[in-house]
Amino acid sequence: MSTSTLKKLLVHTYMTLFTLPIIAMIIWYFLAATMNFTTGQFSIDNFSFFTEPVEYAGVKLPLIWPIVLNTLVYSFLIVLIEVCISVPTAYAFSRLDFKGRVSAMKFLFLMRSFPGITLIIATFFILVQMNLVNTYTGVLLVAVTGSLPGRVYIMKGFFDEVPWDIEWAAMVDGCTRYRAFKKVLVPFVLPGIGAISVFSFLGAYGEWFLFKLLIFNDDMLTLAGYLSKLVTKEDQIMNYGLITAIGLFYTLPIILFYIFTQKIFMKVNLGGAKQV
Amino acid sequence: MITLRNIVKEYDGKQDSGRAVDGLNLEINKGEFVALLGPSGCGKTTTLMMLAGLLKPTSGEILFNGKLVNHVEPKDRNIGMVFQSYALYPHLSVRDNIAFPLRERKIPKQEAYERAKETSKILQIDHLLDRKPSQLSGGQQQRVAMARALSKNPEILLLDEPMSNLDARLKLDVRDEIRKIQRNLGVTTIIVTHDQEEALAISDRVAILNGGQIQQYAPPHELFNHPVNLFVASFLGNPPMNLVQGELREMNGNQVVVTEGFEYLLPADRRLDKAHMGKSVKFGIRPHDIAICSPTDHQRIKMKVDLVEHLGSGKLVKVIDPLGKLDTMIRLLTGNEAEIESGDEVYIKFKENKFHLFDMNDNGRNLLQYK
Ligand SMILES: Nc1ncnc2c1ncn2[C@@H]1O[C@H](COP(=O)(O)OP(=O)(O)OP(=O)(O)O)[C@@H](O)[C@H]1O
Ligand SMILES: [Mg+2]
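Given the structure is predicted, the values throughout are model-derived calculations rather than measurements.

1. Some thoughts on the overall build of chain B
Item 1. Counting its regular elements, chain B contains eight helices and 21 strands.
Item 2. Across its three principal axes, chain B shows a C-alpha extent of roughly 80 × 45 × 35 Å.
Item 3. Burial analysis of chain B (371 residues in total) assigns 50% to the buried set.
Item 4. Taking contacts inside chain B between residues at least 6 apart in sequence as the whole, the part at least 24 apart equals 66%.
Item 5. Accessible surface, chain B as shown: approximately 17000 Å² in total, 45% of it carbon and sulfur.
Item 6. Placing the 49 positive and 48 negative side-chain charges of chain B at their respective mean positions leaves the two points 5 Å apart.

2. A word on the packing of aromatic side chains
Residues and elements named next belong to chain A.
Item 1. Under the definition given, this model contains 31 aromatic pairs over all chains.
Item 2. Between Phe 109 and Tyr 153, the ring centres sit 5.3 Å apart and the planes meet at 45 degrees, which makes this aromatic pair tilted. Note that Phe 109 is positioned in helix α3 (residues 101-113) and Tyr 153 in helix α5 (residues 136-161), a separation of 44 residues in sequence.
Item 3. On the basis of relative accessible area, Phe 109 is assigned to the partly exposed category, the value being 39%.

3. Here's the deal with the sheet that holds strand β16 (residues 301-310) of chain B
All names here are of chain B.
Item 1. A sheet is described by the order of its strands in space; here five strands give the open sequence β15-β19-β16-β17-β18, paired in antiparallel fashion. If you trace the sheet from one side to the other, it starts and ends with β15 (290-293) and β18 (330-334), each paired once. Strand-to-strand twist in this sheet, taken as the mean axis angle between neighbours without regard to direction, amounts to 50 degrees.
Item 2. Pairing between strand β17 (residues 315-320) and β18: five bridges, direction antiparallel. Across the sheet, Lys 315 pairs through a bridge with Thr 334, a residue of β18.

4. Quick look at the confidence of the model for chain A
Item 1. The predicted model of chain A averages 85 in pLDDT, with 91% of residues at 70 or higher.
Item 2. Taken together, the stretch residues 269-276 of chain A has pLDDT below 50 and engages in eight contacts with residues farther than four places along the chain or on a different chain.

5. Description of the environment of Val 11 of chain A
Item 1. Take Val 11 of chain A: it is sitting in helix α1 (residues 3-34).
Item 2. Considered as a pair, Val 11 of chain A and Val 162 of chain A are 151 residues apart in the sequence and their alpha carbons are 41 Å apart.

6. Observations regarding the side chain of Glu 104 of chain B
Item 1. Assignment of secondary structure puts Glu 104 of chain B in the loop between α2 (94-103) and α3 (109-122).
Item 2. For Glu 104 of chain B, a relative accessible area of 9% puts it in the buried group.
Item 3. Leave out the neighbours within four places in its chain, and Glu 104 of chain B touches Asp 173, Gly 174, Cys 175, Arg 179 and Lys 183 of chain A.

7. So, helix α1 (residues 44-52) of chain B
Residue and element names in this part refer to chain B.
Item 1. A large share of α1 lies buried, amounting to eight of its nine residues.
Item 2. Within the span of α1, buried status applies to Lys 44, Thr 46, Thr 47, Leu 48, Met 49, Met 50, Leu 51 and Ala 52.
Item 3. With its phi angle positive at about 90 degrees, Gly 53 sits one or two positions after the end of α1.

8. Comments concerning the site of ligand 1
Residues and elements named next belong to chain B.
Item 1. The environment of ligand 1 is made up of 12 residues, and the closest members are Ser 40, Gly 41, Lys 44, Thr 45 and Thr 46.
Item 2. Measuring from a nitrogen atom of ligand 1, one finds a side-chain N or O atom of Tyr 11 at 3.4 Å.
Item 3. Take Thr 45: an N or O atom from its side chain is 2.5 Å from an oxygen atom of ligand 1.
Item 4. When ligand 1 sits alone it has 630 Å² of accessible area, and the protein chains cover 59% of it.
Item 5. Within the shell around ligand 1, the residues separate by chemical class into three nonpolar, six polar and three charged.

9. Things to note about the domain arrangement of chain A
Note: interface size is frequently given as the accessible area lost on complex formation between the parts.
Item 1. Domain annotation for chain A reports domain 1 (3-43) and domain 2 (67-232).
Item 2. Taking the mean C-alpha position of each, domain 1 of chain A and domain 2 of chain A sit 38 Å from one another.

10. A short note on the interface of chain A and chain B
Item 1. Listed as interface residues are 18 residues of chain A and, on the opposing side, 23 residues of chain B.
Item 2. Carbon and sulfur atoms supply 67% of the area that chain A and chain B bury against each other, a total of about 1900 Å² over both sides.
Item 3. Here chain A and chain B share three salt bridges between them.
Item 4. Here Asp 173 of chain A ties to Lys 152 of chain B by a salt bridge, and the two come within 3.4 Å at their closest N and O atoms.
Item 5. Where chain A touches chain B, the interface holds 10 residue pairs in polar contact (both at pLDDT 80 or more).

11. Topic: the environment of Asn 217 of chain A
Residue and element names in this part refer to chain A.
Item 1. Within the element layout of this structure, Asn 217 appears in the loop between α9 (209-214) and α10 (223-232).
Item 2. Exposure remark for Asn 217: the relative accessible area of 36% places this residue in the partly exposed category.
Item 3. As a C-alpha pair, Asn 217 and Asn 134 span 83 residues in sequence and 7.4 Å in three-dimensional space.
Item 4. Here Asn 134 takes part through its side chain, which lies 3.4 Å from a polar atom of the side chain of Asn 217.

12. Some details on the UniProt feature "transmembrane region" (unreviewed entry) in chain A
Residues and elements named next belong to chain A.
Item 1. Mapped onto the present numbering, the UniProt feature "transmembrane region" (unreviewed entry) falls at residues 9-31, 63-87, 107-127, 133-154, 184-205 and 237-260.
Item 2. Each end of residues 9-31 is marked by a C-alpha atom, and these two atoms are 30 Å apart; helix forms 100% of the span and strand 0%.
Item 3. This span, residues 107-127, is 71% helix and 0% strand, and a straight line between its end C-alpha atoms measures 23 Å.

13. As for unusual backbone geometry
The phi angle of most residues is negative, glycine excepted, and most peptide bonds adopt the trans form.
All names here are of chain B.
Item 1. Asn 238 connects to Pro 239 through a cis peptide bond whose omega is 0 degrees.
Item 2. By secondary structure assignment, the location of Pro 239 is in the loop between α8 (230-235) and β11 (242-251).
Item 3. For Tyr 86, which is not glycine, the phi dihedral falls at a positive 75 degrees.
Item 4. Locating Tyr 86 in the fold gives a position in the loop between β6 (79-82) and α2.
Item 5. The class for Tyr 86 is buried, based on a relative accessible area of 4%.

14. Let's talk about the packing of α2 of chain B against helix α4 (residues 138-150) of chain B
Two measures define how a pair of helices packs: the angle their axes make with one another and the distance between the axes.
Residue and element names in this part refer to chain B.
Item 1. Where α2 meets α4, the axes come as close as 7 Å, and the angle between the chain directions of the two elements is 30 degrees. Here α2 is positioned roughly parallel relative to α4, judged by the angle of their axes. In the crossing of α2 with α4, the sense of the turn from one axis to the other is right-handed. Note on element contacts: α4 touches α2 through Val 144, Ala 147 and Arg 148, opposite Val 94, Asn 97, Ile 98 and Pro 101.
Item 2. Split by residue class, the contact of α2 with α4 holds five nonpolar, one polar and one charged.

15. Overview of the confidence of the model for chain B
Residues and elements named next belong to chain B.
Item 1. Residues at a pLDDT of 70 or more form 98% of chain B, whose mean pLDDT is 92.
Item 2. Mean pLDDT across the secondary structure elements of chain B bottoms out at helix α5 (residues 168-185), with 90, and peaks at strand β3 (residues 33-37), with 97.
Item 3. With pTM at 0.84, the complex prediction returns an ipTM value of 0.86.

16. Side note on the domain arrangement of chain B
All names here are of chain B.
Item 1. Here chain B is partitioned into domain 1 (2-234) and domain 2 (239-370).
Item 2. A straight line from the C-alpha centre of domain 1 to that of domain 2 covers 39 Å.
Item 3. For the pair domain 1 and domain 2, the summed buried surface comes to about 910 Å²; carbon and sulfur atoms form 61% of the total.
Item 4. At the boundary of domain 1 with domain 2, the tally comes to zero salt bridges.
Item 5. In this assembly, domain 1 and domain 2 are joined by four residue pairs in polar contact (both at pLDDT 80 or more).
Item 6. Looking at the side of domain 1 that touches domain 2, the element that brings in the most residues is α8, giving three residues.
Item 7. In the side of domain 1 that touches domain 2, the residues fall into five nonpolar, four polar and no charged.

Definitions and limits used
Residues numbered from 1 in each chain as written. Chains lettered and ligands numbered in written order. Predicted model: local features only at pLDDT ≥ 70, side-chain atom pairs only at ≥ 80, totals over all residues. Heavy atoms only, no water. Helix = DSSP H or I, 4+ residues; strand = E, 2+ residues; numbered from the N terminus. Buried < 20%, exposed > 50% of the residue type's maximum accessible area, 1.4 Å probe, protein only. Contact = heavy atoms within 4.5 Å. Areas by Shrake-Rupley, 256 points an atom, 1.4 Å probe, with all protein chains shown as cover. Lys, Arg positive; Asp, Glu negative; His and termini not counted. Charge placed at Lys NZ, Arg CZ, Asp CG, Glu CD. Phe/Tyr/Trp six-rings, centres within 6.5 Å; stacked < 30°, edge-to-face > 60°. Pairing = 2+ DSSP bridges. Axes fitted to C-alpha atoms, helices over the stretch in contact; angles between N-to-C directions. pLDDT = per-residue confidence, 0-100. Near = heavy atom within 4 Å. Polar contact = N/O pair within 3.5 Å; in protein donor to acceptor, adjacent residues only side chain to side chain. Nonpolar A, V, L, I, M, F, W, Y, C, P; charged D, E, K, R; others polar. Domains from an automatic or database assignment. Buried area = accessible area lost by both parts, 1.4 Å probe. Salt bridge = Lys/Arg side-chain N within 4 Å of Asp/Glu carboxyl O. UniProt positions renumbered as here; feature names shortened; annotations may be inferred. Parallel < 35°, antiparallel > 145°, perpendicular 65-115°, else oblique. Left-handed = near helix turned anticlockwise from the far one by under 90°.

Spelled out as structure tokens, the structure:
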């Protein structure tokens, strides 16, 4: 056996050993969803949530499909709002000279590193004052406020990378400042927009805390909130089969998304790094 | 015609440390090829950016064909510009890059593409139209940038060090080509460069800048032969002009430059105003205006050869004062046939009427005007 094969063998053994627990968990996850543990037989009983509202041990939740719709609408709305606000804002921070730019940026950085959760009580009271509790507007407002500083910060980095020459060239070639932004700068920072879109989407898709706190109608929940309702009712026996089944349904789109986009994202990264 | 009148540019927060451009006056005729030449930081790029409209002058006037354009947006100035980095749009193909300025003028796609193709033929890049900028070599990118600047038939072409990223050989080719295209199209062109050879070779007139001011604005040969001041004289030329510190004196009715090492009698037709006598001057003469002469020649100077460098086309000889009184080394150029070695004692003489006298009390102004 040559040293290189030995090395490979060692590496593989090492990696297998470490991934084993994770693999075991995933397998258990699938089994829990698709097996009846009392009879030890394969069953799809746990997936009856597809066709009827969930109800067990006093927990009553609406049918899942409207919740799925809520989730998609909410997530894409978040992506749209965050991209539409953070891209122009980041451009302004990166390229324009205006009064208070530096202090605004410092504030942004502070907000980005601030643990937002500590503000939640105050936020709640403000929303009550504004009559926005138990509305999507309220949730969107709080969610976007929390995540925007981070998004702007990332986007600003991307804009900082764009050489001034490119923007000047566009202006000499007949663009106004705004058109140069739209026609030349935005394509240049497209990888960045892609990146923050993904972050936004994943953030929104996984948002349960704000729903738990600010939404009282179960039929207004999104999937993450829906799941959390299942797990956190007190004094009851957990229905693990049901939870894992819904969990599986919840995770699947993300896994598929990763499988299909990871190649594209690798390419985007390479393309972004290679500047002309 | 382009006119710059008393242009001043101060960058924000830079007022204290001086002006990037300080009272610049320049006239450029239609169809002329003008170079802005000067050391790093002298304000070349700043001037070009103000011509493009990307920077606004702090004060002064910019006129195109007699019309004030200070507040005209870059997009409305009908200029083409090539940036040092080329600044191609990475997400667009070469075709779309070249057609971009046309599309921004609302020219229909079909026509824009046709004109892009024509322009690309002039620059011999029509086989690259479908590529992305990242798939091109540096030289090809440079051509695409040129094509993009020219496709809209601009009235003025601005080039900011367009050749500084090319290798020496390619530089020569591209230089000739730019000159040829410029002649054919008759487009008024302003090139910024810190390569003096390039500036002198390519342009009708060269403006030498230093410290944000124009030192001299003249055709290349005039700059070279008749520098108006010490800066221009020492900036241009390779090997550089010899400069020796001296003093003007009146001796027996003759005007003489007295240096530590030699005395040089001014010829009768180069007599200066009496007021200049006693002034501290730099005596300047270019290496190819010094000859090795016989020990009997008039106005000869005895020197010792310190070093001989072979340049291929000739020899660069560095001579020093054998008595060690003159602390400046003097460079001269000879043909390859001259048999000369370091350590030799030689006599040198200055070719007639090729010398310059720079007034050290007047910012190095040249006291002699050969015209
Ligand atoms: N954005 C800026 N802010 C402040 N000062 C600047 C700025 N751009 C240039 N300067 C200053 O203005 C002066 C002229 O700069 P400019 O770029 O015009 O020089 P240049 O002649 O093009 O030099 P180079 O040959 O190095 O490109 C320099 O002293 C430079 O430091
Ligand atoms: Mg420059």
